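Structural characterization, general
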Amino acid sequence: MQGTEIILGIETSCDETSAAVVQGGRKILANVISSQVDLHAEYGGVVPELASRRHVELITPVVRAALREADLSFSDINAVAVTCGPGLVGALLVGLSYAKGVALARGLPLLGVHHTAAHIYANLLATPDLEPPFLSLVVSGGHTSLVLMRDHGAYELLGRTVDDAAGEALDKVARALGLGYPGGPAIEKLARSGDPEALQLPRAVVRDHPLDFSFSGVKTAVLNHLNRMRQRGEEVNKADVAASLQRAVVDALTERALAAARSTGSKKIALAGGVAANRELRTRLKEQAACKGIEVIVPPAILCTDNAAMVACAGYYYLKRGFTAPYTLNAVANLPL
Ligand code: KG4
Ligand code: ZN
């Protein structure tokens, strides 16, 4: 039976300062997300030091806003869950220090959550009856992984990117096209009016690791194309570039996800991470999976990008299983799953 414990979740691993209050693992009472997109936009990417400083300014008001929205106070909270890695270490430390402060002051259990795991848990918030085991494709600006979630807190990494993350490749090409940051949504929008077959882009395969991804080749091929066109003084058809890149990225993601489902016998694929907001990815994966009797689960876009509700959801299941962290918990930039 689902419990009623109330978890305060905190997420500051990159450029979103977020605090959430979740009851019984699945009921979101508040999910406040303060994005720093405007702060980093003029640099074309996240500037770590600026991100940390902004988190310091925002963490207290964001937590207060979440409690206010939930109509609760610190005394109603049963445990504090926080992202402890991977991510920008200075940014992670802000949320972690805050979480430790609350837990210590109130004598509450502290729950450390891996960022990739948190993204996977967004699916449990979106789909009330979803329980592990299931396969998850986690695609964000920092990660691209195929994970078999065997049980709560038990993950098997089946494949990962050996270089750029999918979102990173989209963001870098978007920057070169002058589309601003973050690039993924801009590429998606532009791709609607482009020809996905205009550019012949490579589809990289990682030798001996068929479930691994590599996106640096496709990114470099696009950047080389842009340079060549500029040198020749020819105009770039940005929509065609966006559509071709999106097609190449979505092809790689769908192909590996279905291969992983085949090799593990999974009948459910849960999409996670910021790139999971991409409609082309959602539609193509759903269509191709349906032919094989595989269900694709997709959280709403607001739960795909970084948010603290997914952290609190994971925290609830960790609390139930006694996976609490010591108050000495540290932030780890490259924390393995
Ligand atoms: O999960 P997330 O918010 O942060 C990380 O943990 O990285 O993901 C951010 C990434 C960025 O690369 C952004 O460009 C990408 O997700 N993204 C998208 C879309 N929305 C966000 N990529 C493609 N299509 C979208 N609609
Ligand atoms: Zn993320």
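You'll find the structure just up there.
What comes next concerns the included structure. Since the structure is predicted, the reported quantities are computational estimates derived from the model, not experimental observations. (Residues numbered from 1 in each chain as written. Chains lettered and ligands numbered in written order. Predicted model: local features only at pLDDT ≥ 70, side-chain atom pairs only at ≥ 80, totals over all residues. Heavy atoms only, no water.)

Positionally, Gln246 belongs in helix α8 (residues 238-264). For Gln246, the contacting residues outside a window of four places in its chain are Ile187, Glu188, Ala191, Asn278 and Glu280. (Helix = DSSP H or I, 4+ residues; strand = E, 2+ residues; numbered from the N terminus. Contact = heavy atoms within 4.5 Å.)

If you walk across this open sheet you meet the 5 strands as β3-β2-β1-β4-β5, and the pairing is mixed. The open sheet is flanked by β3 (27-35) and β5 (110-114), the only strands paired with a single partner. Along the sheet, successive strands turn relative to each other by an average axial angle of 20°, direction set aside. With 6 bridges connecting them, strand β1 (residues 6-11) and strand β2 (residues 16-23) associate as antiparallel partners. Bridge assignment links Ile7 to a residue of β2, and that residue is Val22. Packed onto the sheet, helix α2 (residues 48-70) meets β1, β2 and β3 and runs at close to 25° relative to β2. (Pairing = 2+ DSSP bridges. Axes fitted to C-alpha atoms, helices over the stretch in contact; angles between N-to-C directions.)

This part covers the sheet that holds strand β8 (residues 154-160). Read from one edge of the open sheet, 5 strands run β8-β7-β6-β9-β10, paired in mixed fashion. Of all the strands in the sheet, just β8 and β10 (295-297) have a single pairing partner and so form its edges. Taken over all neighbouring pairs, the strand axes of this sheet differ in orientation by 25° on average, direction set aside. Sheet topology places strand β9 (residues 268-272) next to β10; 3 bridges connect them, and they run parallel. Along β10, the bridge assignment pairs Ile269 with Val296. The sheet strands contacting α8 are β6 (134-139), β7 (144-151), β8 and β9, and the helix crosses β6 at an angle near 160°.

Before going further, it helps to spend a moment on the coordination of the zinc ion (ligand 2). Around the zinc ion (ligand 2), the protein contributes the donor atoms His115 (NE2), His119 (NE2) and Asp306 (OD), at 2.0 to 2.1 Å from the metal centre. Read from N- to C-terminus, the donor residues coordinating the zinc ion (ligand 2) fall into the pattern H-x3-H-x186-D. Residue His115 is located in helix α4 (residues 115-126), and its partner Asp306 is located in the loop between α10 (301-304) and α11 (309-320); the two are separated by 191 residues in the primary sequence. Accessibility assignment for this pair places His115 and Asp306 in one class, buried. (Donors = N, O, S within 2.8 Å, 3.2 Å for Na, K, Ca; no water. Buried < 20%, exposed > 50% of the residue type's maximum accessible area, 1.4 Å probe, protein only.)

Here we come to the layout of surface pockets. Taken as a whole, the largest pocket encloses approximately 1,200 Å³ of empty space. If you trace the largest pocket, you find 48 residues lining it, with Cys14, Ser140, Gly141, Gly142 and His143 closest to the centre. Looking at the lining of the largest pocket, the elements that each hand over two or more residues are β3, α4, β7, β8, α5 (166-176) and α6 (183-191). Per-element accounting of the lining of the largest pocket gives the leading share, 6 residues, to α5. Counting contributing residues per domain, the lining of the largest pocket is built from domain 1 (6-127 + 304-320) and domain 2 (134-298), each supplying no fewer than three. In this structure, the second largest pocket spans a volume of roughly 170 Å³. Lining the second largest pocket are Cys84, Gly112, His114, Gly153, Tyr155, Tyr318, Phe323, Leu335, Pro336 and Leu337. A breakdown of the residues in the lining of the second largest pocket according to their chemical character gives 7 nonpolar, 3 polar and no charged. (1 Å grid on protein atoms, 1.4 Å probe; cavity = no way out; pocket = protein on both sides within 12 Å on 5 of 7 lines; lining within 4 Å. Points joined across faces, edges and corners; volume = space filled by probe spheres on them. Domains from an automatic or database assignment. Nonpolar A, V, L, I, M, F, W, Y, C, P; charged D, E, K, R; others polar.)

Note that every value here comes from positions in space, so none of it alone points to a role or purpose.
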